[in-house]
Structures are given as C-alpha cells and as structure tokens.
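A structural walkthrough
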Amino acid sequence: YSILPILTLDGIITYDIIEGPVTSERFIQFFREHVLPLTNPYPGPRSVLVLDNCRIHHSDEVLHLIEE
C-alpha cells in the first residue's frame, strides 16, 4: 500500500491510500481530485505547493494543472 497525504501547517487535510506503488498516472489523478480543489490563487491561503524531487512530481502535466 502507498499513502498520498496533503500536509499543511494545520496538519494532514486529505490523503489517499492505494494498493501498490504510486505511478505518474495515479499521482496526477490524486493531484487533480484531492490537491487542486483545496488550493487558491496566490497570495491566498493554500496557494503555495511544495513538491519534492520525486520524478512523478516534475511532469509537464503536473505543471499544466498548476498553471490552470
């Protein structure tokens, strides 16, 4: 199992638990369904996303979703 949490200064605000590894497709689905609905345009609350250097975080599709 893999856990995809969203951490904020207030703690974990949402998460998903999936069977098996997190693929690029699965991460993008999680990002679209769980992360983006909780974000706001800068400089509003929850307007800054911090992603680590995991390869699946640095795809063109993730960048496109953020810019939308």
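As shown above, the structure is provided for reference.
Remember, predicted model here, so these are calculated numbers, not experimental data.

To continue, consider the packing of aromatic side chains. For the coordinates displayed, the defined rule picks out one aromatic pair. Judged by centre distance (5.8 Å) and plane angle (35 degrees), the ring pair of Phe27 and Phe31 falls under tilted. Of this pair, Phe27 and Phe31 both sit in helix H1 (residues 24–35), four residues apart, which is roughly one turn of that helix. Classification of Phe27 as buried rests on a relative accessible area of 6%. Judged by its relative accessible area of 1%, Phe31 falls in the buried class.

Take the nonpolar core next. Judged by nonpolar contacts, Leu4, Ile6, Phe27, Ile28, Phe30, Phe31, Val35, Ile56, Val62 and Leu65 together constitute the single largest core of ten residues. Elements supplying a minimum of two residues to this core: strand S1 (2–8), H1 and helix H2 (60–67). When residues no more than four places from it in sequence are discounted, the contact partners of Ile6 are Gly11, Ile12, Ile13, Thr14, Phe30 and Val35.

Attention shifts here to H1. Where H1 is concerned, the buried positions are Arg26, Phe27, Ile28, Phe30, Phe31 and Val35. Residues of H1 that are buried make contact with S1, strand S2 (11–18) and H2.

What follows concerns the environment of Arg26. Within the secondary structure, Arg26 sits in helix H1. Its relative accessible area of 18% is what places Arg26 among the buried residues. When the C-alpha atoms of Arg26 and Ile56 are compared, they prove to be 9.5 Å apart, with 30 residues separating the residues in sequence. In this structure Arg26 touches Asp16 and Ile18, once residues within four positions along its chain are discounted.

Definitions and limits used
In every chain, residue numbers begin from 1 and rise along the written sequence. At least 70 in pLDDT is required for a residue's local features to be given in this predicted model, at least 80 for side-chain atom pairs to be given and counted, and no such filter applies to totals for whole chains, interfaces and linings, which use all residues. Neither water nor hydrogens contribute to the side-chain values; these are computed over all heavy atoms in the structure. We call Phe, Tyr and Trp rings a pair once their centres come within 6.5 Å, taking the six-membered ring for Trp, and we label the pair stacked below 30 degrees between planes, edge-to-face above 60, and tilted otherwise. Secondary structure follows DSSP: runs of H or I at least 4 residues long count as helices, runs of E at least 2 residues long count as strands, and numbering of each begins at the N terminus. Buried means the residue's accessible area, taken with a 1.4 Å probe over protein chains only, is under 20% of the maximum for its type, while exposed means over 50%, and partly exposed covers the values in between. Residues belong to a common nonpolar core when they are buried Ala, Val, Leu, Ile, Met, Phe, Trp, Tyr or Cys residues joined through side-chain atoms within 4.5 Å. Throughout, a contact is declared for two residues whenever any of their heavy atoms are within 4.5 Å.

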